[in-house]
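Remarks on the overall topology
So the chains spell out like this:
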Amino acid sequence: MKCYRENLVGVFGDPVDENPTGAILQAGFDAMKLNYRFITVKVSDGCLEDAIRGMRAMNFSGIGITMPHKQTVLKYLDEVSPDAAIMGAVNTVYWKKGKLYGENVDGKGFMMSLKEKNFDVAGKKAVVLGAGGASRAISVELALAGVRAITIVNIEEKQGMSLVDAINTSTSAKADFVLWNGSYALPDDTEILVNATSVGFSNEKDMPNIDYGTLKDTMTVCDVIPNRVTTRFLESAKEKGCLTFNGLGMLVNQATLCFKLWTGENAPKDVMEKALKKEFGIEE
Ligand code: NDP
């Protein structure tokens, strides 16, 4: 018998109007002929509890969580993954053994990008710029993957210190904090550098305020900015001979992880990558 009911998935956030996740995932569902419908939903601050109740009532198969709800959502879920608990942030919700379960795939998408190029982080020393949502997810995943030490560099102390405390308390990596109040000179022994700030997102000319003279070809440099193939930050690193990773890989990889969690099927990554590039007007 034909089923007219669609499996609902989507994203809750505010602002969310310009979030491209739906275009990427829907392209994947359509390519696989899966009866899933992605809905991008504006859920304002203070309305999340009702939205999650609605999700349960309407039998959503899963939901993505974006700002400002990534931390608040934890209290409305039945369970969260151990690493999302360390981060204190969830960006994907799905059903696991009948329970509404929270996971964070931001950092996992980042780690997949590195693994795809056989880049192993174990035993290395990392510097992560920023201490917001993306930084928390990436830094904790780096620590759980065996990074030896992580320096968190942030313009505000409280956020930075809370991330450092979370890493030192719950992982074997040694984390420290540097207050970012001028041009940041990279320590000589840095092996991985990540721009996890929003600098470079709205204005492509903006670059994180580091001393670019301290970049060395032994460093691997990553930028999370998700709407460009390259950034001025990455171009400077390339000029120094560094291996670089852009934020597009992280975005597509985390969409493929959501796809699997929500449908149980392996995602058609090529189709989803193409859809993302089309949304951002990026030439193949
Ligand atoms: P948040 O707002 O949570 O964090 C932003 C971070 O950037 C904070 O640490 C903030 O510092 C810092 N920051 C902002 N302006 C400056 C500045 N001028 N100099 C130094 N630091 C600054 O945002 P998210 O972590 O959610 O997002 C950060 C970036 O990551 C965005 O560009 C987002 O698009 C991208 N992203 C990419 C993903 C991908 O898949 N590629 C996934 C998720 C996010 P403070 O808090 O102290 O003000």
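Turning our eyes to something else, we now look at the packing of helix α1 (residues 21-31) against helix α8 (residues 247-263). Where α1 meets α8, the axes come as close as 10 Å, and the angle between the chain directions of the two elements is 50 degrees. For the element pair α1 / α8, the angle class is oblique. Here α1 runs over α8; the crossing is right-handed. Where α1 abuts α8, its residues Ile24, Leu25, Gly28 and Phe29 lie against Leu251, Ala255, Phe259, Trp262 and Thr263. Tallied by class, residues from the contact of α1 with α8 come to seven nonpolar, two polar and no charged.

Now for the site of the ligand. Taken together, 22 residues sit near the ligand, with Ala131, Gly133, Ala134, Val224 and Gln254 positioned nearest. Within the contact set of the ligand, an oxygen atom lies 3.0 Å away from a backbone nitrogen or oxygen of Gly133. Backbone polar atom of Ala134 to an oxygen atom of the ligand: 2.7 Å apart, as the coordinates give it. Isolated, the ligand exposes 920 Å² of accessible area, and the fraction of that covered by the protein chains is 70%. Counting residues per element, the shell around the ligand draws most heavily on α8, at four residues. Grouping the constituent residues of the shell around the ligand by class yields 12 nonpolar, eight polar and two charged.

The residue after Asp14, namely Pro15, is reached through a cis peptide bond having omega 5 degrees. With respect to the helices and strands, the residue Pro15 is situated in the loop between β1 (7-13) and α1. Residue Met67 is joined to Pro68 through a cis peptide bond whose omega torsion reads 5 degrees. The residue Pro68 is located in the loop between β3 (62-65) and β4 (79-80) in this model. One non-glycine residue, Lys97, adopts positive backbone phi at about 45 degrees. Relative to the elements of secondary structure, Lys97 occurs in the loop between β5 (92-96) and β6 (99-103). Lys97 sits in the exposed class, given a relative accessible area of 84%. Of note in the backbone geometry, Asn118 takes a positive phi value of approximately 55 degrees without being a glycine. Assignment of secondary structure puts Asn118 in the loop between α4 (106-116) and β7 (125-129).

Analysis parameters
- Residues numbered from 1 in each chain as written.
- Predicted model: local features only at pLDDT ≥ 70, side-chain atom pairs only at ≥ 80, totals over all residues.
- Heavy atoms only, no water.
- Axes fitted to C-alpha atoms, helices over the stretch in contact; angles between N-to-C directions.
- Helix = DSSP H or I, 4+ residues; strand = E, 2+ residues; numbered from the N terminus.
- Parallel < 35°, antiparallel > 145°, perpendicular 65-115°, else oblique.
- Left-handed = near helix turned anticlockwise from the far one by under 90°.
- Contact = heavy atoms within 4.5 Å.
- Nonpolar A, V, L, I, M, F, W, Y, C, P; charged D, E, K, R; others polar.
- Near = heavy atom within 4 Å.
- Polar contact = N/O pair within 3.5 Å; in protein donor to acceptor, adjacent residues only side chain to side chain.
- Areas by Shrake-Rupley, 256 points an atom, 1.4 Å probe, with all protein chains shown as cover.
- Buried < 20%, exposed > 50% of the residue type's maximum accessible area, 1.4 Å probe, protein only.

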